[in-house]
Amino acid sequence: MAEAADIQGMKHSPARRRLRRTAAVAAGVPLLAGLLGGLAAPQASAAGPTASPLSAATTRAATASPASAAAEPSGSSTVAVALDTLAPSAPTKGDTLTISGTVTNKSKKTVTDARVDLRVGPQLTGRTAIDDAVERSNDTTYDPLPVGGKYKVEFKKLASGISYDFALSVPVSKLGLGADGVYQLGVTLTGRTAAEQYDHTLGVQRTFLPWQPESVDKKTKFTYLWPLISTSHVSAETGSDDQQTPVFENDDLAEELAPGGRLEQLVSLGSQLPVTWVVDPDLLATVEAMTDPYRVKDGDSTVAGKNQLVARTWLNALEKAVQNNGDIVALPFGDPDLASLAHGGENVSGTLGHLQSSSELAGKTVETILHVRPATDFAWPADGAVDPSIVDVATSAGADKVISRSDSIQDNLPYTASAARPIGGGTTAVVSDTRLSTAFEGDVTKAGSSTLAVQKFLAQSLAVNLQDLSKQRDIVVAPQRTPSASQAQSMARALQGLDGQRWTQPSDLVAAAAAEPDTNATTKVPGASRYPDKLRDQELPPSAFDELKKMGERLGKFKAILTLPDRVATPFANAVNRAVSTSWRGNATGAEQYRDSVNRYLMSLASEVQLIQKSELTLSGRSATIPVTVQNQLLQGVDNLVLRLQSTNATRLKLDDGSAVAEQPIKIDGGHTQVVKFTGAANANGPVELTAQLYTADNQPYGNPMTFQVRVSEITPTVMLVIAGGVLMLVLAGVKMYSQRKRAVAAKAAEDKAAADAGAESAEADSADDGDSPGGGRDDSGPDDDGADDADPAPDPAPDPVPDPTPDPTAPPATQETADGIDGAGPGQPSDPTPDTRPESGDPSGKGEKVDR
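Residues numbered from 1 in each chain as written. Predicted model: local features only at pLDDT ≥ 70, side-chain atom pairs only at ≥ 80, totals over all residues. Heavy atoms only, no water.

Chemist: Got a minute to help me understand empty space enclosed by the protein in this structure?
Modeler: Where empty space is left in the structure can be found by rolling a water-sized probe over the atoms. By the definition in use, this model includes 5 cavities of 30 Å³ or more. When its volume is computed, the second largest cavity comes out at roughly 60 Å³. Pro 332, Leu 338, Leu 355, Ser 359, Thr 376, Phe 378, Ala 379, Val 393, Ala 394, Ala 397, Gly 398 and Ala 399 are the residues that line the second largest cavity. For the lining of the second largest cavity, the secondary structure elements donating two or more residues are α8 (351-370), β16 (378-379) and α9 (388-396). The class makeup of the residues in the lining of the second largest cavity is 9 nonpolar, 3 polar and no charged. (1 Å grid on protein atoms, 1.4 Å probe; cavity = no way out; pocket = protein on both sides within 12 Å on 5 of 7 lines; lining within 4 Å. Points joined across faces, edges and corners; volume = space filled by probe spheres on them. Helix = DSSP H or I, 4+ residues; strand = E, 2+ residues; numbered from the N terminus. Nonpolar A, V, L, I, M, F, W, Y, C, P; charged D, E, K, R; others polar.)

Chemist: Looking at this structure, I do not really get the nonpolar core. What am I missing?
Modeler: Soluble globular proteins tend to pack their nonpolar side chains together in the buried interior. Counting 75 residues, the largest nonpolar core has Phe 558, Phe 572, Val 628, Leu 643, Leu 645 and Leu 694 as the members making the most contacts within it. Aside from chain neighbours lying at most four places away, what touches Phe 572 is Ala 236, Leu 555, Val 598, Tyr 601, Leu 602 and Leu 605. Phe 222, Leu 266, Ala 321 and Leu 462 belong to the second largest nonpolar core, which has 64 residues in total. (Core = buried A, V, L, I, M, F, W, Y, C linked by side-chain atoms within 4.5 Å. Buried < 20%, exposed > 50% of the residue type's maximum accessible area, 1.4 Å probe, protein only. Contact = heavy atoms within 4.5 Å.)

Chemist: Honestly, the sheet that holds strand β4 (residues 111-124) in this entry has me stumped. Any pointers?
Modeler: Strand pairing within a sheet occurs via backbone hydrogen bonds; the two strands may be parallel or antiparallel. Read across the open sheet, the 4 strands follow the order β5-β4-β7-β8; overall the sheet is antiparallel. Each of the sheet's edge strands pairs with one partner strand only, and the pair in question is β5 (152-158) and β8 (200-211). In this sheet, neighbouring strand axes are inclined to one another by 25° on average, regardless of whether the strands run parallel or antiparallel. In this structure, β4 lies alongside strand β7 (residues 181-192), joined through 9 bridges in antiparallel fashion. Within β7, the position partnered with Arg 119 by the bridge is Gly 186. Strand contacts of helix α11 (residues 447-467): β7 and β8, with the helix running at about 45° to β8, the strand carrying the most contacts. (Pairing = 2+ DSSP bridges. Axes fitted to C-alpha atoms, helices over the stretch in contact; angles between N-to-C directions.)

Chemist: Quick question: what am I supposed to make of helix α5 (residues 281-290) here?
Modeler: Residue pairs three or four apart in sequence face the same way in an α-helix, which turns once every 3.6 residues. The element α5 is largely enclosed, with a buried count of 8 among its 10 residues. Taken together, the buried positions of α5 are occupied by Pro 281, Asp 282, Leu 283, Leu 284, Thr 286, Val 287, Ala 289 and Met 290.

Chemist: Help me understand the side chain of Thr 351 in this model?
Modeler: The topology assignment puts Thr 351 in helix α8. A polar contact is formed between the side chain of Thr 351 and the backbone oxygen of Val 348, at a distance of 2.8 Å. Leave out the neighbours within four places in its chain, and Thr 351 touches Leu 341, Gly 345 and Phe 545. (Polar contact = N/O pair within 3.5 Å; in protein donor to acceptor, adjacent residues only side chain to side chain.)

Chemist: Which parts of the structure should I look at to understand the pairing of strand β12 (residues 276-279)?
Modeler: Along any regular strand the residues' side chains alternate between the sheet's two faces. Of the two faces of β12, both are covered, the one formed by Thr 276 and Val 278 as well as the one formed by Trp 277 and Val 279. Alignment of strand β9 (residues 220-228) against β12, held across 4 bridges, turns out to be parallel. If you follow Pro 227 over to β12, its bridge partner there is Val 278. Where β12 and strand β15 (residues 328-330) come together, 3 bridges link them in parallel fashion.

Chemist: Would you take a moment to explain the pattern of salt bridges for this structure?
Modeler: Once the charged atoms of two side chains with opposite charge are near each other, the side chains can pair. According to the stated counting rule, one finds 20 salt bridges in the structure shown. The salt bridge partner of Arg 435 is Asp 131, with a shortest N-O separation of 2.8 Å. With Arg 435 in helix α10 (residues 434-437) and Asp 131 in helix α2 (residues 127-135), this residue pair connects regions lying 304 residues apart in the sequence. For the pair Arg 435 and Asp 131, a shared accessibility class is recorded, and that class is buried. Asp 407 is the salt-bridge partner of Arg 405, the closest N and O atoms lying 3.0 Å from each other. Judged by its relative accessible area of 10%, Arg 405 falls in the buried class. Under the relative-accessibility criterion, Asp 407 is labelled partly exposed at 23%. Taken together, the shared-partner salt bridges connect Asp 337, Glu 539 and Arg 585 into one network. (Salt bridge = Lys/Arg side-chain N within 4 Å of Asp/Glu carboxyl O.)

Chemist: What should I look at first to understand the sheet that holds β16 in this one?
Modeler: Taken together, 4 strands build an open sheet; the order of strands is β16-β17-β19-β18 and the sheet is mixed. Only two strands of the sheet have a single neighbouring strand rather than two, namely β16 and β18 (420-424).

Chemist: Quick question: what am I supposed to make of α2 here?
Modeler: Taken across its 9 residues, α2 has 7 buried, putting it largely inside the fold. Restricting attention to buried positions, one finds in α2 the residues Arg 127, Thr 128, Ala 129, Ile 130, Asp 131, Asp 132 and Ala 133.

Chemist: Mind showing me how you'd approach the packing of aromatic side chains here?
Modeler: To describe a pair of aromatic rings, one takes the distance between the centres and the angle between the planes. Under the counting rule described, the total for this entry stands at 8 aromatic pairs. Residues Phe 155 and Tyr 164 carry aromatic rings whose centres are separated by 5.8 Å and whose planes lie at 55° to one another, so their mutual orientation is tilted. For the ring pair Trp 584 and Tyr 594, a centre distance of 5.6 Å and an interplane angle of 40° mean the geometry is tilted. With Trp 584 in the loop between α16 (566-579) and α17 (588-606) and Tyr 594 in helix α17, this pair connects stretches of sequence that are 10 residues apart. Cluster of aromatic residues (ring-pair linked, three or more members): Phe 222, Tyr 224, Trp 226, Phe 440 and Phe 457. Positioned over the ring face of Phe 708 is Lys 614, at 5.9 Å from the centre of the ring. (Phe/Tyr/Trp six-rings, centres within 6.5 Å; stacked < 30°, edge-to-face > 60°. Lys NZ or Arg CZ within 6 Å of the ring centre and 35° of its normal.)

Chemist: Would you mind going over a nonpolar patch on the surface with me for this structure?
Modeler: The grouping of Val 727, Leu 728, Val 731, Leu 732 and Val 735 at the surface amounts to a nonpolar patch, some 460 Å² of accessible area in total. Residue placement: Val 727 occurs in helix α18 (residues 717-771). By relative accessible area, which is 46% here, Val 727 ends up partly exposed. (Patch = residues over 30% accessible without salt bridge, like charges linked within 9 Å, V, L, I, M, F, W, Y side chains within 5 Å. Areas by Shrake-Rupley, 256 points an atom, 1.4 Å probe, with all protein chains shown as cover.)

Chemist: Looking at this model, I keep getting lost on unusual backbone geometry. Mind explaining?
Modeler: For residues besides glycine, phi is generally negative; the peptide bonds are generally trans as well. Of note, the bond from Ala 87 into Pro 88 is cis; its omega dihedral lies within 30 degrees of zero at -5°. With respect to the helices and strands, Pro 88 occurs in the loop between β2 (79-87) and β3 (96-105). One non-glycine residue with positive phi stands out, namely Asp 113, at about 50°. Note that Asp 113 resides in strand β4. Despite not being glycine, Gln 244 shows a phi value in the positive range, around 50°. Within the secondary structure layout, Gln 244 lies in the loop between β10 (234-238) and β11 (246-248).

Set out below in structure tokens:
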């Protein structure tokens, strides 16, 4: 049977599909009839052994679903059968197959005489037969006979809406398995209803049983990719400290890293499996940032993150896992969406430059954090879908190996070819198998759905090997990028089912890409028209790349003026990489909000360097200084800036060297302002509008211009004469006041001199009187011999000298003399009326008093 029909995603006409299915059913009728006849004999002989209970059927109440308007379940849909466990998933000779699950009566009527049986269907030939068997899972027309005997579970009745547990244990030897291959296994419930009082099938659940008891010589080399990828969690914002503490958009990543979380399960399970780790370096960098203090946005503010221990535990576990199993591939930093870049950003200049930088950063990040060197030459488009433009974008970033999928690069072969395909230009497409890669994309949270997915995966892997036992092929499985915890557990169970290595052997992605390609396999990359519409609808729009381009230009200007540009270059470059991540597929609103957040923060930082708005200025005169203030509120200095001032009317007001434009270099430390002064020369009265603008070193405007008005008031010669006359009058008034002051001081000096002369004459007269009495040592103050006191007559007081009412105006200012020294009239107080000496006394000088003349 042609394997080309096995490839999912190929488009066939409805008529062709109906013809193929009709032929398959017609061909299967004789086979089923022969199988039923062959099974009848073993069943009859198996009735002999003494029956013993296999397991006690227990009941449990199930939550009744609300009544609906749906039709009453009937036929094989009356009872739901779930297979919770099937072990071993790939049995060998001598094993006992154990199946457990539940049966639930979905109808409103009681089922009586119910019995759970195991039925082994025919061997399925080819991968397409497995797919068809899934489509016919509810068809009981050609069901084989049950294993029977004691290998059954009976219930007297099944109440409506109640679930009942069952368990079957059957030796593999009782299953009647023949040649190696994949067998369909069915668990059925038969019983009776009030309307149909005879045994008939009321419920069925089918799965697959791979049967390969012995190892084959040519085993399939099996590579399973184990992705460690998450969504973007870190913003472009950082703290102002030296460590630049990162700010997270949210703390949701901690839930994935905690025990039982999605990423924790991937690491703990993957450490025990032969897998190739495929890592987004951004995830590693984010978790490492969480091991130290970090902040989380909380409205308009931030709060301290509290999950350092969770992050350290996860990172340590991952480091041990990859060192024990060193097969690791690093995607470009942030896991950029190659298809979006190719389809939406191809015409936006600079877009691919971000991809190149993210590829260079990938290897350094992984090696620094995990201490292992990863392979960095792989690209992984979303869902492995490629076209020529996607391949071109992938290779432009340095990747020469592109992980594709078989529903994109399709073969027309009767078997599944090896993964490696040379597609030209030295590029290799590593084509993963679609069926195996998508096996666990559904809801596997319930045990029953997980068991079915695991068994189908194992069946498909065995079917690949059985296609051609003479060839050893390399098969690659690339599952969904972000499997849930339940999906990861199902994937692990499937790989554990291959532990016996009876038809597969572990390999890694590097080896699979280097394997010798199949010359019959397709090497042509499909055209753009075959790219799935569903995936195209999930891509970033071209407008997103226009926004990122403008953001990059704004960032370039901002970095050019900083003295420490690396403090903003790295956080914003990483944020741009995260803005084009594949993880945004299906979340267009979240992607837009993230871009807006990064852009707003960049604009807020850039606006911290700005011109301070001025009010209207008035210039009086032909020349004046015009100050303009530049403010830097950043925590680091700015340089390589030029402040340019332009006059809109150079005829009325010119600047500096007489031109309409003047400029000066700017260099400001963090948290400071600088006042830049320009010289203006006015030629005429009136208002003039000036515009100040900052420019970078490459003559690009920085920030918003600042416009203000200068009003010029020129002073004419007539006005100057009026002002000069007023000044002259003030001078004359000052001279007059000075003359009056000078005359007053001279008069005061003459008066003081006259008083001093009078005091001197009185002292001389007293001395003459004392010389007329020769009393030798007589005490003048004692009594005479006659006992009478002598009393000197008091001298007549000298008359006060009359000052000259008209002192000499030419005499210099007098110096006031006191007993304590000389005080001169201060030059700063020529009109101070306060006297500089104490009041004069007319009494004679006392004994010992000295008067300077």
